[in-house]
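Chain residues, written in single-letter form:
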Amino acid sequence: MQLGTAPLLERLPIFHSRNVEETGAFLRAKGYRFDIAGRQARQLDARLNGVYMPGLYMGYAQYGGASVVLSPSPTRTDTWIHLPLRGHLEAKIGRDSIVCNPNLATIISPMRESCRLVSEADSSRIQLSLTKSSLTGQLAALLGEPPAAPLDFAPTIDLAAGYGRSLARYVLMAIADLEQAGSVLWSSTTVSKFEEFIITALLLSQPHNYSNALRRLERPIAPRDVRRAVDYIEAHLDQAVTVADLVTATGVAGRTLFMHFKAFKGVSPMRYLRNARLRQVRQALLRADPEANVTDIALSTGFTHMGRFSVTYCAYFGESPSETLRSRMQQQRKQP
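Residues numbered from 1 in each chain as written. Predicted model: local features only at pLDDT ≥ 70, side-chain atom pairs only at ≥ 80, totals over all residues. Heavy atoms only, no water.

Draft legend 1. Geometry of the environment of Gly59. Within the secondary structure, Gly59 sits in strand S4 (residues 56-64). When the C-alpha positions of Gly59 and Leu325 are compared, they lie 41 Å apart, and in sequence the two are 266 residues distant. Residue contacts for Gly59: discarding those within four places in its chain leaves Leu9, Asn49, Gly50, Arg125, Ile126 and Gln127. (Helix = DSSP H or I, 4+ residues; strand = E, 2+ residues; numbered from the N terminus. Contact = heavy atoms within 4.5 Å.)

This is the structure in structure tokens:
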């Protein structure tokens, strides 16, 4: 995950200062104690950029040529993931000491008794903060019932392989998109789906105290339950459908629904939703009036990123949406 030295997300600044007192005051307001050796004060270049989503914060952090120590307040209830981009970050969690680098990230659960983060000079990292409500809500959807105890994740993530490598890749892709004007992540529907994807992948792939419970969910599912999910999806194609919505509609735990939906339909519920929207768009294009346009039709079916929609549509049907609409117009001109 090694990148260059340029700060990321400069279009989304949150805090920038070379002043120790100002930096300390800002971080205290966020629930962090900030310490720095006096002789390094001149090297401080605190730069925090990022974006706040409803259940997720994603940002960039650096402190310049100074080595700093951050200690989160025990009153914080969010879960933090630190993905180093350059240099090292030492996470002292309880009795454990984890030295993180661009190949090893750390995840800090709020139930940990004590935590100190020592950020090496000239290091930088990406930070993800997931709210307690977003994590426990999605966990309840996957389990089929509210969790009885707080989530406690294994504190390290391997960024060089498996889930960790995928997480780093998707986060960097999202950041690259946010750095462009007109980012798809400014759409409320897309933000909701991105958050759900990151949180669901974390719960299903990163070890935690509910991992075994999720693996044990093998309740048989009848085809009628899959049909309930399909019926719900088909009735809400123009809305943001979540895993929690499908759990409520079917009465089946999320992980079980994912496995058996794929067994009966060959795809995940979310992929089925996307394909159903594509089919609906095609039918709308084939029935369109002469003054209709592709963008309006796609937006009415839940698609928000026109470039990505066009690529997906072309891959699915073998022609672009504009070609489908053009063929419809040609047919109408041929009619008497």
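Draft legend 2. Examining the confidence of the model for the chain more closely. Residues with a pLDDT of 70 or more make up 93% of the chain, whose mean pLDDT is 87. Within the chain, helix H12 (residues 321-334) has the poorest average pLDDT of any element, 65, and strand S1 (residues 13-17) the best, 97. Here residues 331-336 is modelled with pLDDT under 50, and outside its nearest four sequence neighbours on either side it reaches two contacts, counting other chains as well. (pLDDT = per-residue confidence, 0-100.)

Draft legend 3. Fine view of the environment of Thr106. You can see Thr106 is positioned in strand S9 (residues 104-108). Accessibility expressed as a relative area gives 0% for Thr106, which makes it buried. In this structure the C-alpha to C-alpha distance between Thr106 and Pro146, which are 40 residues apart in sequence, comes to 26 Å. Beyond its immediate stretch of four places on either side in the chain, Thr106 contacts Trp80, Ile81, His82, Ala91, Ile93, Ile98, Cys100, Pro155 and Thr156. A distance of 2.9 Å separates the side chain of Thr106 from the backbone oxygen of Pro155, its partner in a polar contact. (Buried < 20%, exposed > 50% of the residue type's maximum accessible area, 1.4 Å probe, protein only. Polar contact = N/O pair within 3.5 Å; in protein donor to acceptor, adjacent residues only side chain to side chain.)

Draft legend 4. Broad picture of unusual backbone geometry. For Leu9, which is not a glycine, the phi torsion comes out positive at approximately 55 degrees. Topologically, Leu9 is positioned in the segment before S1. Positive phi values are uncommon outside glycine, yet Asp122 reaches one of about 65 degrees. Tracing the backbone through its elements, the reader meets Asp122 in the loop between strand S10 (115-119) and strand S11 (124-130). Classification of Asp122 as partly exposed rests on a relative accessible area of 48%.

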